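Inside the fold
What follows is each chain in one-letter form.
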Amino acid sequence: SISTVGFPVEVGHLDLDHDDHEYDLDRLMVFGRGFFDGSLSVDPADLHRASVDFGGGQATPAKLMAVLRPGSVNDVVKLVKAAYESRRGFPVSARGHGHSTNGQARPYSSAPGIVIEMSNYNNKNVMTTMMKPPNVVIDGGDHRGSYVDVWGGELWIEVLKASMEHGLAPKSWTDYLYLSVGGTLSNGGISGQAFNHGPQIANVHELDVVTGKGELLTCSEEQNTDLFHGVLGGLGQFGIITRARIALEPAPQRVRWVRVLYSNFHDFTKDQEYLISLHGKPNSERFDYVEGFVIVDEGLINNWRSSFFSSPRNPIKFTSFGVNNGGVIYSLEITRNYDESTSHAVDQEVEALLKKLNYIPSSVFTTDLPYMDFLDRVHKAELKLRSKGLWEVPHPWLNLFVPKSRIADFDIGVFKGILGNKTSGPILIYPMNKNKWDHRDSVVTPDEEVFYLVALLKSALDSGDETQSLEYLSNQNRRILNFCDEAGIKVKQYLPHHSTEEEWKGHFGEINWERFVKRKVEYDPRRILATGQRIFAPQF
Ligand code: FAD
């Protein structure tokens, strides 16, 4: 049941044991000629690109020997095996689209490492990898139905496009689609569908993984099960995902997209929790997507992510919804998918569900658009921000899973407290059901049946306003974490960033930490992979 790719004997001659990294690199380059199907680059521009990420705030540049653009799965095997077999070892980091915010996709060690560029988009945003495009299989023959096999570095937008050609689509999403399959499966992958379908990691049938020993293993619920669950949400610690088999469903044609506002946090969360309790019900009796925003700052309701509500000429005022200065407003965002054949029923069904909710009556905003446009909505915002030079700025993001029992305390302490009516980016908030998450996966969530994602998606600006600076916003994140700690709110970081082993132990909890360490010893004993997560101290 284990498929292991044979390894060419030349690796034995690579002899990457010299103290001088330049020497090692030379050896790799020499053997790399004709050795790798792709290319190994030492071009400073490539090294620079591979060492920065969306967070943009790393203080020290990564130490990089080279960037590998794999031309085949075998290239990934060869490189990891070379790192594993060399006497001294060197770190290897898979990089998806580099949309981490704390250097997770680059090596972190005193020895220079190599980045494997899994998603190789060039400047014109064209995929230049030699990898096979997504392969859609309609009704795969077993009870699991249709699926798509994709390269681990594939971006979700490409997975969507390929699936839609067959009238199909993955079930669970992230808000933004220019993220790689391997990158999001290493974390979880969540959006407003997670209450119903679980995170993206709950919608994967099978993976091909190159472990830290350089073995290529196929893993699933049936074979190499521990590796399968270890890799899902495993922060890249146990292997590099080279192929993922992702569940598909018939793609809806259109989306009815509704936003309503609340001034009362209790009403807002009660309605969100009611809506996610409808998971598993027939489509006609629930929404397909449930998210929400916290708007602590009047300016933000009219910004890019909320342009839905208003036009620049007709800005929305908090006071028009009975919210005084200093107040906070909450926006519930829900969608219903439908096809032309069911369009006649949509109005009534949406109306019936809305009647059960307690929002501010005058605050219903509705729009209707093709499914693809809805899923790709954040990309439009990206293009707008890029045109204003506001995309490539530091992003000190903080993503937290907050247990339902303490979300009201979080509201008082953070949204109405620490943020002080001022934010520097959207704040997402939506609940999920823990029973849709597989406890065997590596990702950790709070110990409650329902928990919320709170995503503080901040952009730091060099505007002269101290409260928009990277330092201020990073400090504010620390204050939020301290507040939770002191108030006993047992949050878990999503896309976690910790610096000490103690913090990681606290993140995982004792039992999960033991399992995580055991898996590391088993699958990446030399601690070669994803050192940028800073979980295990590198040994070279
Ligand atoms: P990278 O940053 O390249 O890598 C992340 C980690 O995964 C690194 O440790 C890397 O070594 C490892 N890795 C990368 N590829 C592989 C592989 N093939 N095999 C094994 N390990 C690998 N997340 C959500 O869940 N929901 C959202 O709605 C969401 N929206 C986002 C919107 C934006 C604008 C941004 C910037 C991020 C968003 N994210 C969201 C977070 C995102 O899912 C993570 O940052 C994810 O890691 C990004 O994928 P990437 O391909 O850029 O990964």
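Up top you'll find the structure we're talking about.
I will try to describe carefully the structure that is included in this document. (Residues numbered from 1 in each chain as written. Predicted model: local features only at pLDDT ≥ 70, side-chain atom pairs only at ≥ 80, totals over all residues. Heavy atoms only, no water.)

**As for helix α10 (residues 343-354)**
- Relative to the 16 Å expected for 12 residues at 1.5 Å per residue, α10 spans 17 Å between its end C-alpha atoms, a close match to the ideal helical length.
- Regarding α10, the residues found buried are Ala345, Val346, Val350, Leu353 and Leu354. Summarising the axial view, the buried residues of α10 lie within an arc of 160°, below the 170-degree limit, and thus occupy one face. The exposed set on the far side of α10, more than 90 degrees from its buried face, consists of His344 and Gln348.
- On the buried face of α10, the contacting elements are β11 (254-262) and β13 (329-338). (Helix = DSSP H or I, 4+ residues; strand = E, 2+ residues; numbered from the N terminus. Expected span 1.5 Å × (residues − 1). Buried < 20%, exposed > 50% of the residue type's maximum accessible area, 1.4 Å probe, protein only. Arc of directions from axis to C-beta. Contact = heavy atoms within 4.5 Å.)

**Observations concerning the pairing of strand β12 (residues 289-295)**
- Of all 7 residues making up β12, 7 are buried, and the element is well covered by its neighbours.
- Going residue by residue along β12, you find Tyr289, Glu291, Phe293 and Ile295 tucked away on one face and Val290, Gly292 and Val294 tucked away on the opposite face as well.
- Here 7 bridges tie β12 to β13, and the two strands are oriented antiparallel to one another. Bridged to Val290 within β13 is Ile334.
- Note: β12 against strand β16 (residues 427-433), 2 bridges, orientation antiparallel. Residue pairing for β16: Phe293 is matched across the bridge by Leu428. (Pairing = 2+ DSSP bridges.)

**A short note on the packing of helix α15 (residues 501-508) against helix α16 (residues 510-523)**
- Axis separation between α15 and α16 bottoms out at 6 Å; the angle between their running directions is 115°. Our classification of the angle between α15 and α16 gives roughly perpendicular. Residues Glu501, Trp504, Lys505 and Phe508 of α15 pack against Glu510, Asn512, Trp513 and Phe516 of α16.
- Of the residues contributing to the contact of α15 with α16, the split by class is 4 nonpolar, 1 polar and 3 charged. (Axes fitted to C-alpha atoms, helices over the stretch in contact; angles between N-to-C directions. Parallel < 35°, antiparallel > 145°, perpendicular 65-115°, else oblique. Nonpolar A, V, L, I, M, F, W, Y, C, P; charged D, E, K, R; others polar.)

**Describing α16**
- With 14 residues, α16 should cover 20 Å at 1.5 Å per step; its first-to-last C-alpha distance of 20 Å lies within 8% of that length.
- For α16, every residue scored as buried is listed here: Trp513, Phe516, Arg519, Lys520 and Tyr523. Buried residues of α16 fall within an arc of 125° about the axis and therefore sit on the same side. Looking at α16, the residues exposed on the side facing more than 90 degrees away from the buried face are Glu510, Ile511, Glu514, Lys518 and Val521.
- Packed against the buried residues of α16 are β8 (204-211), α7 (225-231) and α15.

**Topic: the side chain of Asn399**
- Among the secondary structure elements, Asn399 is positioned in strand β15 (residues 398-403).
- Asn399 gets classed as buried once you look at its relative accessible area, which sits at 8%.
- Non-local contacts of Asn399, meaning those with residues more than four positions away in its chain, are made with Leu453, Val454, Ala455, Leu457, Lys492, Gln493, Tyr494 and Leu495.

**Observations regarding the packing of aromatic side chains**
- Taken as a whole and judged by the stated rule, the model has 26 aromatic pairs.
- Consider the rings of Phe35 and Phe36, whose centres lie 5.1 Å apart with planes at 70°: the pair is edge-to-face. Across the pair, Phe36 and Phe35 agree in class, each one buried.
- Between Phe401 and Tyr494, the ring centres sit 5.2 Å apart and the planes meet at 35°, which makes this aromatic pair tilted. Linking Phe401 in strand β15 with Tyr494 in the loop between β18 (492-493) and α15, this pair joins segments that are 93 residues apart in sequence. Of the two residues examined, Phe401 and Tyr494, each falls in the buried class.
- Grouping aromatic residues by their ring pairs yields a cluster made of Phe238, Trp504, Phe508, Trp513, Phe516, Tyr523 and Phe536.
- One cation-aromatic arrangement involves Arg377 over Phe374; the distance from NZ or CZ to the ring centre is 4.2 Å.
- One cation-aromatic arrangement involves Arg534 over Tyr108; the distance from NZ or CZ to the ring centre is 4.2 Å. (Phe/Tyr/Trp six-rings, centres within 6.5 Å; stacked < 30°, edge-to-face > 60°. Lys NZ or Arg CZ within 6 Å of the ring centre and 35° of its normal.)

**Some remarks on the sheet that holds β13**
- An order of β14-β11-β13-β12-β16-β17-β15-β18 is seen for the 8 strands of this open sheet, with the pairing classed as antiparallel. Each edge of the sheet is formed by a strand with only one pairing partner; in this case those strands are β14 (365-370) and β18.
- As paired elements, β11 and β14 share 6 bridges and run antiparallel to each other. Considered in β14, the bridge of Arg259 is made with Phe365.

**Focus on the sheet that holds strand β3 (residues 92-95)**
- Ordered in space as β1-β2-β4-β3, the 4 strands form an open sheet in which the pairing is mixed. Across the chains shown, the open sheet's two edge strands, defined by having one partner strand only, are β1 (39-41) and β3. When strand polarity is set aside, the average angle formed by the axes of neighbouring strands in this sheet is 25°.
- Both strand β2 (residues 64-69) and strand β4 (residues 113-117) contribute to a ladder of 4 bridges, which runs parallel. Opposite Val67, over in β4, you have Val115 as the bridge partner.

**Some remarks on the site of the ligand**
- Around the ligand, 33 residues are found, and the nearest of them are Ala94, Gly96, Ser100, Ser180 and Tyr494.
- The separation between a nitrogen atom of the ligand and a polar side-chain atom of Ser186 is 3.2 Å.
- Burial of the ligand by the surrounding chains reaches 95%, relative to a free accessible area of 950 Å².
- Taken together, the elements giving at least two residues each to the shell around the ligand come down to β3, α5 (181-185) and β10 (239-250).
- For the shell around the ligand, the residue count by class is 13 nonpolar, 18 polar and 2 charged.
- Counting the residues that make up the shell around the ligand, at least three belong to each of domain 1 (9-122 + 519-533) and domain 2 (135-250). (Near = heavy atom within 4 Å. Polar contact = N/O pair within 3.5 Å; in protein donor to acceptor, adjacent residues only side chain to side chain. Areas by Shrake-Rupley, 256 points an atom, 1.4 Å probe, with all protein chains shown as cover. Domains from an automatic or database assignment.)

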